[in-house]
Amino acid sequence: GRLRSIRLTQALQLYQINTRLKEARGFTFFTLNLDHLVKRRDNQAFLLAYHSSDFVCADGFPIVLLSRLKGYEIERTTGADLLRPLCQIAAEQNIPIYLFGSTKTSLNKAASQLKSEYSNLIICGALSPSMNFSAYSAESDLCADMIARYSAWLFVIPAFFSWNDSPVSLTKYP
């Protein structure tokens, strides 16, 4: 599929994200893993979400190896690798972030740690949806509306949380 951005280095992706923010342009960023490859094959909405994404990174060494077999050299960059650099950008540009996913305890710990590392970081909220959360549900619509009210970046903190049918990882609501 159309995953050209996966071939970009982490540094180049961060540079392009920073440029988009300075231009006040939104973006979507997905972290591709083996589970997502299977879901892309079986779930048309999932596949279309990836095809319309602005940035995709290889979130796992198996993706790097599969890409090499197809003749592409890519860099492994997990969502965790991007969290701190993106928080630094958000803090420098006074862009609020909203933490989403995981458990309330994990989100609180993440918020506390990130605030201690980036004193200017604006965390405008955190939400832990139900364990049966689906990206294609009324709950999802309510969550998206709530987060969009803050004009914030959305960060998904995945610990102990499963996105049953959604590739969303890092999203900027325009």
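Here is what the cut-offs are and how they apply
- Residues numbered from 1 in each chain as written.
- Predicted model: local features only at pLDDT ≥ 70, side-chain atom pairs only at ≥ 80, totals over all residues.
- Heavy atoms only, no water.
- Helix = DSSP H or I, 4+ residues; strand = E, 2+ residues; numbered from the N terminus.
- Contact = heavy atoms within 4.5 Å.
- Patch = residues over 30% accessible without salt bridge, like charges linked within 9 Å, V, L, I, M, F, W, Y side chains within 5 Å.
- Areas by Shrake-Rupley, 256 points an atom, 1.4 Å probe, with all protein chains shown as cover.
- Salt bridge = Lys/Arg side-chain N within 4 Å of Asp/Glu carboxyl O.
- Buried < 20%, exposed > 50% of the residue type's maximum accessible area, 1.4 Å probe, protein only.
- Polar contact = N/O pair within 3.5 Å; in protein donor to acceptor, adjacent residues only side chain to side chain.
- Core = buried A, V, L, I, M, F, W, Y, C linked by side-chain atoms within 4.5 Å.
- Pairing = 2+ DSSP bridges.

Novice: For this particular structure, what's the right way to read the environment of Tyr118?
Specialist: One can find Tyr118 in the loop between helix H6 (104-117) and strand E4 (123-127). Linking Tyr118 and Cys87, residues 31 residues apart in sequence, is a C-alpha distance of 7.4 Å. When sequence neighbours within four positions are dropped, the list of residues in contact with Tyr118 reads Arg84, Cys87, Gln88 and Ala91.

Novice: Help me understand a nonpolar patch on the surface in this model?
Specialist: A surface patch of nonpolar side chains, about 310 Å² in accessible area, is lined by Leu34, Leu66 and Leu69. Take Leu69: it is sitting in helix H4 (residues 61-69). We classify Leu69 as exposed; its relative accessible area is 74%.

Novice: Sorry if this is basic, but what is going on with the pattern of salt bridges here?
Specialist: A side chain of one charge can pair with a side chain of the opposite charge if their charged atoms are brought near each other. By the definition in use, this model includes 6 salt bridges. Between Arg84 and Glu117 there is a salt bridge whose closest N-O contact spans 2.7 Å. With Arg84 in helix H5 (residues 79-92) and Glu117 in helix H6, this residue pair connects regions lying 33 residues apart in the sequence. Using a relative accessible area of 36% as the deciding quantity, one classes Arg84 as partly exposed. The exposure class of Glu117 is partly exposed, given its relative accessible area of 31%.

Novice: How should unusual backbone geometry be read in this particular structure?
Specialist: Of note, the phi angle at Ala24 is positive, near 60°, even though the residue is not glycine. Under the relative-accessibility criterion, Ala24 is labelled exposed at 70%. The residue Asn94 is not glycine, and still its phi comes out positive at about 55°. Its place among the elements puts Asn94 in the loop between H5 and strand E3 (97-100).

Novice: Would you take a moment to explain the side chain of His36 for this structure?
Specialist: By the secondary structure assignment, His36 is in helix H2 (residues 34-42). Among the polar contacts made by the side chain of His36, one reaches the side chain of Tyr50 at a distance of 2.5 Å.

Novice: Even after reading the chapter, I still don't get the nonpolar core, so can you show me in this structure?
Specialist: Nonpolar side chains in soluble globular proteins tend to end up buried together. In terms of nonpolar packing, the biggest core is built from 25 residues, with Ile17, Leu86, Ile97, Leu99, Leu121 and Trp153 touching the most fellow members. Among the secondary structure elements, those contributing two or more residues to this core are helix H1 (10-22), strand E2 (55-58), H5, E3, H6 and strand E5 (153-156). Looking at this core element by element, the count peaks at 7 residues for H5. Grouped together as the second largest cluster of nonpolar side chains are 11 residues, Ala49, Ala58, Ile63 and Val64 included.

Novice: What is the right way to look at the pairing of strand E1 (residues 28-32) in this model?
Specialist: Successive side chains on a regular strand alternate, one facing one side of the sheet and the next facing the other. For E1, a buried count of 4 out of 5 residues is recorded, marking the element as mostly surrounded by other parts of the structure. As paired elements, E1 and E2 share 4 bridges and run parallel to each other. Paired with Thr31 across the bridge in E2 is Cys57.

Novice: Just checking my understanding: could you explain the environment of Ser106 for this structure?
Specialist: Tracing the chain through its elements places Ser106 in helix H6. With 22 residues separating them in the primary sequence, Ser106 and Ser128 have C-alpha atoms 9.2 Å apart.

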